[in-house]
Amino acid sequence: MSEVRVRFAPSPTGYLHIGSARTALYNWLYARKTGGKLILRIEDTDLERSTKASLDTIIEGMKWLGLDWDEGPYYQSEHSAEHTEAAKKLLAEGKAYKCFCTKEELDQKREAAKEAKAEYGYDGTCRNLSAEEVAEKEAAGITSVIRFKIPDGIGEVVFEDKVYGRLEKRYSDLEDFVIVRSDGSPLYLLSNVVDDLRDGITHIIRGQDGLGNTPRQVLLYEALGAATPIYAHMPLTLDSKKAKISKRKHGEAVAIHFYREMGFIPWAFCNFIALLGWSPGDDREIFSREELIENFSLDRINRSNSVFNIQVNDPKFFTDPKALSINAHYIKTIDISELAGMVKPVLERAGIWEESYEGEKREWFLSTLDLIRERFHTLNNFAEGGRAYFDDSYEVEERALKRNIVKSPELREILPKLGERLEKIEGFDGEDVEREMRAMAEELDLKPGTIINGVRTAVTGQLAGPSMFAALGAIGKERVIDRLKNVDWLFKKAEAL
Ligand code: GLU
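Read on for an overview of the structure. Values in this document were obtained by computation on a predicted structure and should not be read as measured data.

How each quantity is defined
Residues numbered from 1 in each chain as written. Predicted model: local features only at pLDDT ≥ 70, side-chain atom pairs only at ≥ 80, totals over all residues. Heavy atoms only, no water. Helix = DSSP H or I, 4+ residues; strand = E, 2+ residues; numbered from the N terminus. Rg over C-alpha atoms; globule rule 2.2 N^0.38 Å. Buried < 20%, exposed > 50% of the residue type's maximum accessible area, 1.4 Å probe, protein only. Contact = heavy atoms within 4.5 Å. Areas by Shrake-Rupley, 256 points an atom, 1.4 Å probe, with all protein chains shown as cover. Lys, Arg positive; Asp, Glu negative; His and termini not counted. Charge placed at Lys NZ, Arg CZ, Asp CG, Glu CD. Salt bridge = Lys/Arg side-chain N within 4 Å of Asp/Glu carboxyl O. Near = heavy atom within 4 Å. Polar contact = N/O pair within 3.5 Å; in protein donor to acceptor, adjacent residues only side chain to side chain. Nonpolar A, V, L, I, M, F, W, Y, C, P; charged D, E, K, R; others polar. Phe/Tyr/Trp six-rings, centres within 6.5 Å; stacked < 30°, edge-to-face > 60°. Core = buried A, V, L, I, M, F, W, Y, C linked by side-chain atoms within 4.5 Å. Axes fitted to C-alpha atoms, helices over the stretch in contact; angles between N-to-C directions. Parallel < 35°, antiparallel > 145°, perpendicular 65-115°, else oblique. Left-handed = near helix turned anticlockwise from the far one by under 90°. Pairing = 2+ DSSP bridges. Disulfide = S-S within 2.5 Å.

Secondary structure summary: the protein chain contains 21 helices and 12 strands in total. Relative to the 2.2 N^0.38 estimate, which gives 23 Å for 497 residues, the radius of gyration of the protein chain is 32 Å and therefore markedly larger than a compact globule would have. Each principal axis of the C-alpha atoms in the protein chain carries an extent, and together these give about 110 × 50 × 40 Å. In the protein chain, which comprises 497 residues, the share counted as buried stands at 50%. Within the protein chain, contacts between residues at least 6 apart in sequence are counted, and of these 76% link residues at least 24 apart. Carbon and sulfur atoms form 49% of the exposed surface of the protein chain, whose accessible area is close to 24100 Å². Where the 70 positive side-chain charges of the protein chain centre and where its 84 negative ones centre are 3 Å apart.

This is the structure we're talking about:
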């Protein structure tokens, strides 16, 4: 079998979004699985809507996701001469024709069809003009477009889609479509085919929205005397209310950078979007890069639409449980120094990064990350729920305040006293601290849990977290004592609830 050549062909008219990232990923997986090539082609023929900024976010997004390509980027706009050349060839072979119908004439016919509640399709007025008639119109200076001739007679375009199976479209349901505008510029449908032919594309893996174009594109391949590539169209991705995910409705929440900024690990995100439309055939959810490449196949792309739990009303409030649990899995299991490299920019952005974390405090930094990562779902959690480990400017969770502070006003005096007590002891390992806390609880006839939970909230701002004594050890004696002695702010907050 000849080499597999697939392409990712984004139009640079917006940022890299979930749908296009998934297209890029599936093409990348297929290329890597088959030892083929992935070509990056920028479909920038819509000059008005294409922007450099969009192109940059697409490339940046691909790089962030770790999806490397083997050829390109190629730019569609650099090949328009070839596209029109192909149209001229079709014209010369009688497979396309010049159409002189004016916009007004076509609009009128469209209106008439609408009034008659009939479906509009180009009626073929110019389909059979003689060479003389064409010459006459041209001599009279009437401009023309080039239309592709749908084959005559009763017949149908048939193609096999790897996902949707055998699909057919009757010729009579297709109109002679424009392939070159009156200003000589080629139309997208044609450019896309000519580029795929030139780039030697063997498999077209794209979104389901491309399915409508496919019958006409198959006809173009046939007319150009080329074999059609293999198609695999991917299902739509819907939101939790089963509406199509769109920029208009969900805003930034469809953009890849939204997830990067939220603290997704790139491969965790790839792992997650791989499952939006593909399944391994069992209930596995975690795949390393190698495992996904090995397991991926076009046959296992689902036909049914997938659901991505973006909140319709508040996209910033992200709760997709599968995405978060996959990310949490990677946070928990990734090599700790790799994690440190990912947490660094998060702490930097939060203004709580210290150079010493890469120097004399490196060991402390790594063991602290290891201690707290167990409960985190995103990298940003390290600067949020984990903030108290790195800085004194931490917030307190409302639920922690309600459960551990509001209900135990006696702690207002007890916690500073515990601080003083801890100041007097020699060591500061788990046992020392535990002994002091338990002794104090006994003296005051309190449940040890009341003090322990109060300490957790006072020192970390959290309701739950890693083992309390390990947490205190990581935060350090001086800081812990300081926080216990100055616990009043918590009670003020609790009063203001
Ligand atoms: N440029 C097209 C898009 O972004 C790609 C269509 C295709 O893959 O054929 O939707």
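Quick look at the pattern of salt bridges now. Within the structure shown, the criterion is met by 44 salt bridges. Notably, a salt bridge pairs Lys95 with Glu93, separated by 2.9 Å at the nearest N-O pair. Accessibility expressed as a relative area gives 29% for Lys95, which makes it partly exposed.

Residues in contact with the ligand, as listed here, are Arg7, Ala9, Pro10, Ser11, Glu43, Tyr188, Asn192 and Arg206. In this structure, an oxygen atom belonging to the ligand sits 2.8 Å away from a side-chain N or O atom of Arg206. Here the ligand, which alone exposes 300 Å², has 72% of that area covered by the protein. Looking at the shell around the ligand residue by residue, the classes come out as 3 nonpolar, 2 polar and 3 charged.

Relative to the assigned elements, Glu413 resides in helix 16 (residues 411-424). We classify Glu413 as exposed; its relative accessible area is 58%. Separated by 63 residues in sequence, Glu413 and Gly476 have C-alpha atoms that sit 22 Å apart.

A few words now on the packing of aromatic side chains. Summed over all chains, the structure comprises 23 aromatic pairs. Look at Trp278 and Phe287: their rings are 5.7 Å apart centre to centre, the planes differ by 70°, and that puts the pair in the edge-to-face class. Across this residue pair, the class does not change: Trp278 and Phe287 are buried. Through a chain of ring-to-ring contacts, the aromatic side chains of Trp64, Phe258, Tyr259, Phe264, Phe269, Phe272 and Phe308 assemble into a single cluster.

Right, let's talk about the nonpolar core for a bit. Counting residues in each nonpolar core, the largest one holds 144 residues, and the members touching the most others are Ile179, Tyr259, Phe269, Phe365 and Val455. Ranked by residue count, the leading element in this core is helix 1 (residues 18-34), at 9 residues. Excluding residues that lie within four positions of it along the chain, Tyr259 makes contacts with Ile18, Trp64, Ala253, Phe264, Phe269, Phe308, Ile310 and Phe318. Counting 9 residues, the second-largest nonpolar core is a separate cluster that includes Cys99, Phe100, Cys126 and Val134.

In this section: the packing of helix 10 (residues 266-274) against helix 12 (residues 321-333). Where helix 10 meets helix 12, the closest approach of the two axes is 9 Å, and the angle between their N-to-C directions is 140°. Of the possible angle classes, the one that applies to helix 10 and helix 12 is oblique. The chirality of how helix 10 crosses helix 12 is right-handed. Of the residues in helix 12, those in contact with Trp267, Ala268, Asn271 and Phe272 of helix 10 are Lys322, Ala323, Ile326, Asn327 and Tyr330.

Taken in spatial order, the 3 strands make up an open sheet running 4-5-8, and their pairing is antiparallel. The open sheet has two edge strands with one neighbour each: strand 4 (96-99) and strand 8 (178-180). If you compare each strand with its neighbour and ignore which way they point, the axes differ by 45° on average. Taken together, the 4 bridges between strand 4 and strand 5 (residues 145-148) define a ladder with antiparallel strand orientation. By the bridge assignment for strand 5, Lys98 is matched with Ile146.

Among the 8 residues in helix 19 (residues 468-475), 6 count as buried, and that is most of the element. By the burial criterion, the buried members of helix 19 are Met468, Phe469, Ala471, Leu472, Ala474 and Ile475. Looking at the packing, one finds that the buried side of helix 19 touches helix 14 (362-372), helix 17 (430-444), helix 18 (448-460) and helix 20 (477-485). Just past helix 19, the residue Gly476 takes up positive phi, approximately 100°.

The next thing to look at is the side chain of Asn27. Take Asn27: it is sitting in helix 1. Leave out the neighbours within four places in its chain, and Asn27 touches Val6, Arg7, Leu38 and Ile205.

Attention now moves to the side chain of Arg206. Within the secondary structure, Arg206 is located in strand 9 (residues 203-207). Lacking a salt bridge, the buried Arg206 has Asp196 as its closest oppositely charged neighbour, with an N-O distance of 5.6 Å. Here the side chain of Arg206 touches Thr214 through a polar contact of 3.0 Å, side chain to side chain. Beyond its immediate chain neighbours, meaning those up to four positions away, Arg206 contacts Arg7, Thr23, Asn192, Asn213, Thr214, Gln217, Tyr231, Ala232, His233 and Met234.

Next up on the list: the state of the cysteines. With the rule as written, the count across this model stands at 0 disulfides. We note that Cys126 lacks a disulfide partner, and the nearest cysteine sulfur, in Cys101, lies 3.7 Å from it.

Honestly, it's all geometry; don't read function into it.
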